[in-house]
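A closer look at the structure
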Amino acid sequence: MERPELSIAVQRAPDEVTIQLAGEIDVLTVTELSTVVNELVVDDQLNRIVLDMSGVTFCDSQGLGTLVVLSRKAQHAQIVLALANVGDFLMRVLDITGLRSALMISPN
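For the structure given in this document, a descriptive report is provided here. (Residues numbered from 1 in each chain as written. Predicted model: local features only at pLDDT ≥ 70, side-chain atom pairs only at ≥ 80, totals over all residues. Heavy atoms only, no water.)

**Remarks on helix 2 (residues 61-76)**
Note the following rule: Secondary structure elements are taken from DSSP: a helix is a run of H or I of four residues or more, a strand is a run of E of two residues or more, and numbering for both begins at the N terminus. Given a helix with a known number of residues, its expected span is that number minus one, times 1.5 Å. Each residue's exposure class comes from its accessible area (1.4 Å probe, protein chains only) as a fraction of the maximum for that residue type: buried when under 20%, exposed when over 50%, partly exposed otherwise. Polar contacts, as used here, are pairs of N or O atoms within 3.5 Å; protein pairs need one atom able to donate a hydrogen and one able to accept it. Residues neighboring in sequence count only if both atoms are side-chain atoms.
For helix 2, spanning 16 residues, the distance from its first C-alpha to its last is 23 Å, which sits close to the expected 22 Å at 1.5 Å a residue. Residues Gly63, Leu64, Thr66, Leu67, Val68, Leu70, Ser71 and Ala74 constitute the buried set of helix 2. Taking the backbone nitrogen of Gln62 as reference, a side-chain oxygen 3.0 Å away marks Asp60 as the first, capping residue of helix 2. A positive backbone phi angle near 60° is found at Gln78, which sits one or two residues after helix 2.

**A closer look at the pattern of salt bridges**
Where charged atoms from two side chains of opposite charge come close, those side chains can pair. For clarity, the threshold we go by: A pair is scored as a salt bridge if a Lys or Arg side-chain nitrogen falls within 4 Å of a carboxyl oxygen belonging to Asp or Glu.
One pass over the full model with this rule turns up three salt bridges. Glu16 is the partner of Arg48 in a salt bridge, and the nearest nitrogen-oxygen pair spans 3.4 Å. Residue Arg48 is found in strand 3 (residues 48-59), and its partner Glu16 is found in strand 2 (residues 16-25); the two are separated by 32 residues along the sequence. For Glu16, a relative accessible area of 28% puts it in the partly exposed group.

**Structural notes on the packing of helix 1 (residues 30-40) against helix 2**
Operational definition: Here the axes come from fitting lines to C-alpha atoms, over the contacting stretch only for helices, and the angles between their N-to-C directions go from 0 to 180 degrees. The cut-offs work like this: below 35 degrees is roughly parallel, past 145 is roughly antiparallel, 65 to 115 is roughly perpendicular, and the gaps in between are oblique. In this analysis, two residues are considered to be in contact whenever any of their non-hydrogen atoms come within 4.5 Å of each other.
Direction vectors running N to C along helix 1 and helix 2 enclose 10°, while the axes themselves pass 10 Å from each other. As the angle between them shows, helix 1 and helix 2 are arranged roughly parallel. Every residue of helix 2 that contacts helix 1 at Val30, Leu33, Ser34, Val37 and Asn38 is listed here: Gln62, Gly63, Thr66, Leu67, Leu70 and Lys73.

**A short note on helix 1**
How we decide: The arc in question is traced by the directions running from the helix axis to the C-beta atoms.
Those residues of helix 1 that sit buried are Val30, Leu33, Ser34, Val36, Val37 and Leu40. Projected down its long axis, helix 1 shows its buried positions confined to an angular sector of 165°, all on one face. Along helix 1, the residues that are exposed and aim more than 90 degrees away from the buried face are Thr31 and Glu39. Looking at the buried side of helix 1, the elements it contacts are strand 1 (6-12), strand 2, strand 3, helix 2 and strand 4 (80-84).

**Description of the nonpolar core**
The condition that has to hold: What we call a nonpolar core is a set of buried Ala, Val, Leu, Ile, Met, Phe, Trp, Tyr and Cys residues that are connected through their side-chain atoms within 4.5 Å.
Counting 30 residues, the largest nonpolar core has Ile49, Leu51 and Met53 as its most contacted members. Those elements that provide at least two residues to this core are strand 2, helix 1, strand 3, helix 2, strand 4 and helix 3 (88-97). In contact with Ile49, not counting residues within four places along its chain, are Val17, Ile19, Val37, Leu40, Val41, Ile79, Val80, Leu81 and Ala82.

**Let's talk about the sheet that holds strand 2**
Strand pairing in a sheet relies on backbone hydrogen bonds, with the paired strands running either antiparallel or parallel. Keep this limit in mind: A pair of strands is labelled paired if DSSP reports no fewer than 2 bridges between them.
Overall, mixed pairing links the five strands, which are arranged 1-2-3-4-5 in an open sheet. Only two strands of the sheet have a single neighbouring strand rather than two, namely strand 1 and strand 5 (104-105). Summarising the sheet, strand 1 and strand 2 pair through seven bridges and their orientation is antiparallel. Opposite Ala9, over in strand 2, you have Gln20 as the bridge partner. Lying on the sheet, helix 2 is in contact with strand 2, strand 3 and strand 4; it crosses strand 3 at an angle near 180°. Each of strand 3 and strand 5 is contacted by helix 3, which is oriented at about 100° to strand 3, the strand it contacts most.

Everything listed is a geometric property; what it means functionally is a separate question.
See below:
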């Protein structure tokens, strides 16, 4: 069985970071995503973290839970964590699970 991959590219601006994600957000890749975001939420100069989901091909329940946890951690640090370019499949999953309201989703 091939190991799922998640590519994470970080682009910094003075008060905002965009994280370009490509691949699968699942039980095997959430630790890497969490590490990147957790390192950013301690930066007191950041106001916003944007997760660009345009390249995400899959997100399991562990991935969904991680997105909610990261959103709450950012909120606690007074940083907005927003999902951008959320695909139809992920938007449908967020609707079905009721998590759409728990996450900030920026218009595409």
